[in-house]
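# Understanding the architecture of this molecule
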Amino acid sequence: MTSPISIIKAVPRFCKGQPMNPKTFDQAKRDMVRGLIPLSADKALRIPCGYDFNKTILSYPFDGADHNVICPRCGIETSFKSPIF
Amino acid sequence: MTILASELFAQGATSDPIDDFSLTGGTIFVGITGSNYFGITTQPAVASVLEVLSDDAGDTNDNITVVGRDSGGNVQTETVLMNGLSAVILGSTVFDYVQSFSIDGGYLGNITLRISVAGVTVATLPIFPQMQKRVTMFKNSFSDALVPIIRYEKMHWRMASSGETLVSPEVELIADPSSRIRQGITVAKNDSTSIVNRRTVPPGVTFVDDSVAQAVPSGLMTAGENIGVWYEQNLPAGDPANKSTFTSQLSGQDIP
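Residues numbered from 1 in each chain as written. Chains lettered and ligands numbered in written order. Predicted model: local features only at pLDDT ≥ 70, side-chain atom pairs only at ≥ 80, totals over all residues.

### Details of the overall build of chain A
Put simply, the rule is: Helix and strand definitions follow DSSP, with helices as H or I runs of at least four residues and strands as E runs of at least two, each counted in order from the N terminus. Only C-alpha atoms enter the radius of gyration; for comparison, a globular chain is expected to reach 2.2 Å times N to the power 0.38, where N is the number of residues. A residue is called partly exposed when the number of other C-beta atoms within 10 Å of its own lies between 12 and 20, exposed at 12 or fewer, and buried at 20 or more, with C-beta atoms placed from the backbone. Throughout, a residue-residue contact means that the two C-beta atoms, derived from backbone geometry, are no farther apart than 7 Å.
Across its full length, chain A carries four helices and three strands. Scaling as 2.2 N^0.38, a compact globule of 85 residues should have a C-alpha radius of gyration of about 12 Å, whereas chain A reaches 15 Å, well beyond that. If one aligns the C-alpha atoms of chain A with their principal axes, the spans along those axes are about 45 × 25 × 20 Å. Considering chain A as a whole, with its 85 residues, one finds that 18% of them fall into the buried category. Contacts spanning at least 24 positions in sequence make up 53% of the contacts within chain A whose residues lie at least 6 apart.

Here it is as structure tokens:
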């Protein structure tokens, strides 16, 4: 039987990083949705982080709960829902 | 050869619910003419009469059905027979929000649903690949006055570039303007998992927001493979009605 830990690790997850310019990032997102700039700009407009987010997920119980967390590498605020098995 | 963005398809799952009681998810959907395809390109800015036409004069035998909400929030359905290059007006309904746009058979040209007369395009059924319908997710979802309501629905990203391999594919939630959506990808490609209804948490799925990229297991997608993606919609208590969107992306590299 596959363990919960191996199921989580089967999907590599990485922090995308802080926006380079938080003041213009939200507008850039709106422009992506409207097709004015390519979706790939989401990465280009961030300071790359790459933190292994599975480490954060594995540090919480597998209980289906929501968690608001801060990336230990770049400090961006994010959230996730722990899996249940 | 190069993998084109137009060869990466967002497709529906077999069980595409319209309520909180029906089976949800499953394998990638293959319809009468091909597959359903997620997304309505542009919702009407204001409640509008719609019209449909083809860019091929031979499209005269198929019925088009549009399901959506009128300005009062009521779900309405209207079906019209195509008339080739001539726009056919769906004159019985003023649509404020389109939930699905479907055709009942094969077709010869690109089919366009737009605001009448000759206005903004709402959605297109492309001539290649043929699509049975375009749909939105979380149809007929609603909030509760007192408690949050969380729903889950599934789609699949499919790699369709023949003879090519998408390397290091990632699925990302790019934009979620109303902060109601998170996504979680399945633990294996070509997933068939379903849930008994869309209020049930899919087992083993971790949902993340738009700050986290998720890589497709195995690190490769060959032609015909797909990856299942579950979406979580979280409506807070008393959440007012709104027309919102979210944007998902499958990206990767190809080897020349």
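From this point, the narrative continues.
### Focus: the overall build of chain B
Broken down by element type, chain B carries zero helices and 19 strands. For 256 residues, the compact-globule formula gives about 18 Å, and the C-alpha radius of gyration of chain B, at 18 Å, lands near that figure. C-alpha atoms of chain B, sized along the principal axes, occupy 55 × 50 × 30 Å. For chain B, with 256 residues in total, the buried portion stands at 41%.

### Details of the domain arrangement of chain B
Test applied: Throughout the structure description, domain borders are defined by an automatic or database domain assignment.
Domain boundaries in chain B define domain 1 (5-37 + 138-254) and domain 2 (48-135). Taking only C-alpha atoms, the centre of domain 1 of chain B and the centre of domain 2 of chain B are 24 Å apart.

### Remarks on the interface of chain B and chain A
Defined as follows: As a working rule, the residues Ala, Val, Leu, Ile, Met, Phe, Trp, Tyr, Cys and Pro are called nonpolar, Asp, Glu, Lys and Arg charged, and the rest polar, with Gly in that last group. We call two strands paired when DSSP finds no fewer than two bridges between them.
Listed per partner, the contact involves 26 residues of chain B and 27 residues of chain A. Breaking the side of chain B that touches chain A down by element, the ones donating at least two residues are strand E12 (165-175), strand E13 (181-189), strand E15 (207-208), strand E16 (212-215) and strand E19 (247-254) of chain B. If one sorts the elements of the side of chain B that touches chain A by residue count, E16(B) sits on top with four residues. Looking at side-chain class alone, the side of chain B that touches chain A contains 14 nonpolar, eight polar and four charged residues. Where strand E3 (residues 77-81) of chain A meets E15(B), two bridges bridge the pair, whose relative direction is antiparallel. Bridge pairing links A:Lys81 to B:Phe207 in E15(B).

### Some points on the pairing of E3(A)
Residue and element names in this part refer to chain A. Pairing between strand E2 (residues 66-70) and E3: five bridges, direction antiparallel. In the strand pairing of E3, Ile-70 is matched with Glu-77. Where E2 folds back on E3, the antiparallel hairpin that results is connected by six residues, among which Gly-75 adopts a positive phi of roughly 85 degrees.

### Structural notes on the pairing of strand E1 (residues 8-15) of chain B
Residue and element names in this part refer to chain B. When E1 meets strand E11 (residues 149-159), the two strands line up antiparallel, connected through five bridges. In the strand pairing of E11, Gly-12 is matched with Met-155. The sheet contact formed by E1 and strand E2 (residues 24-28) spans two bridges and is antiparallel. Bridge pairing in E2 links Ser-15 to Gly-25.

### Things to note about the environment of A:Ile47
Residues and elements named next belong to chain A. Structurally, the position occupied by Ile-47 is in the loop between helix H3 (41-44) and helix H4 (53-58). Residue Ile-47 is classed as exposed on the basis of its C-beta count, with 12 C-beta atoms lying within 10 Å. With 20 residues separating them in the primary sequence, Ile-47 and Gln-27 have C-alpha atoms 17 Å apart.

### Quick look at the confidence of the model for chain B
Residues and elements named next belong to chain B. Threshold: The pLDDT score gives, residue by residue, the confidence of the prediction method on a 0 to 100 scale.
For chain B, mean pLDDT is 91; residues scoring 70 or higher make up 96% of the total. Per-residue pLDDT, averaged within each element of chain B, yields its smallest value for strand E3 (residues 35-38) (63) and its largest for strand E14 (residues 194-195) (98). In the predicted complex, the global pTM is 0.91; the interface-specific ipTM is 0.94.

### Description of the nonpolar core
We apply this condition: Each nonpolar core comprises buried Ala, Val, Leu, Ile, Met, Phe, Trp, Tyr and Cys residues, the members being joined through C-beta atoms within 7 Å.
Ranked by size, the top nonpolar core spans 37 residues in total, and within it B:Val171, B:Ile185, B:Ile227, B:Val229 and B:Tyr231 carry the most contacts. Of all the secondary structure elements, the ones that give two or more residues to this core are H4 of chain A together with E11, E12, E13, E15, E16 and strand E18 (226-235) of chain B. Each residue touching B:Val171, except ones within four places of it in the same chain, is listed here: B:Trp157, B:Ile185, B:Gln214, B:Val216, B:Ile227, B:Val229, B:Ser248 and B:Leu250. Residues B:Val66, B:Val98, B:Leu113 and B:Ala123 belong to the second largest nonpolar core, which totals 19 residues.

### Looking at the environment of B:Arg199
Residue and element names in this part refer to chain B. Take Arg-199: it is sitting in the loop between E14 and E15. Of the residues examined, Arg-199 has 14 C-beta atoms within 10 Å and is grouped as partly exposed. If we ignore the near neighbours within four places in the chain, the residues touching Arg-199 are Asp-20 and Arg-151.

### Points about the environment of B:Gly12
Residues and elements named next belong to chain B. If you trace the backbone, Gly-12 turns up in strand E1. For Gly-12, a count of 26 C-beta atoms within 10 Å puts it in the buried group. Along the primary structure Gly-12 and Gly-25 are separated by 13 residues, whereas in three dimensions their C-alpha atoms are 8.4 Å apart.

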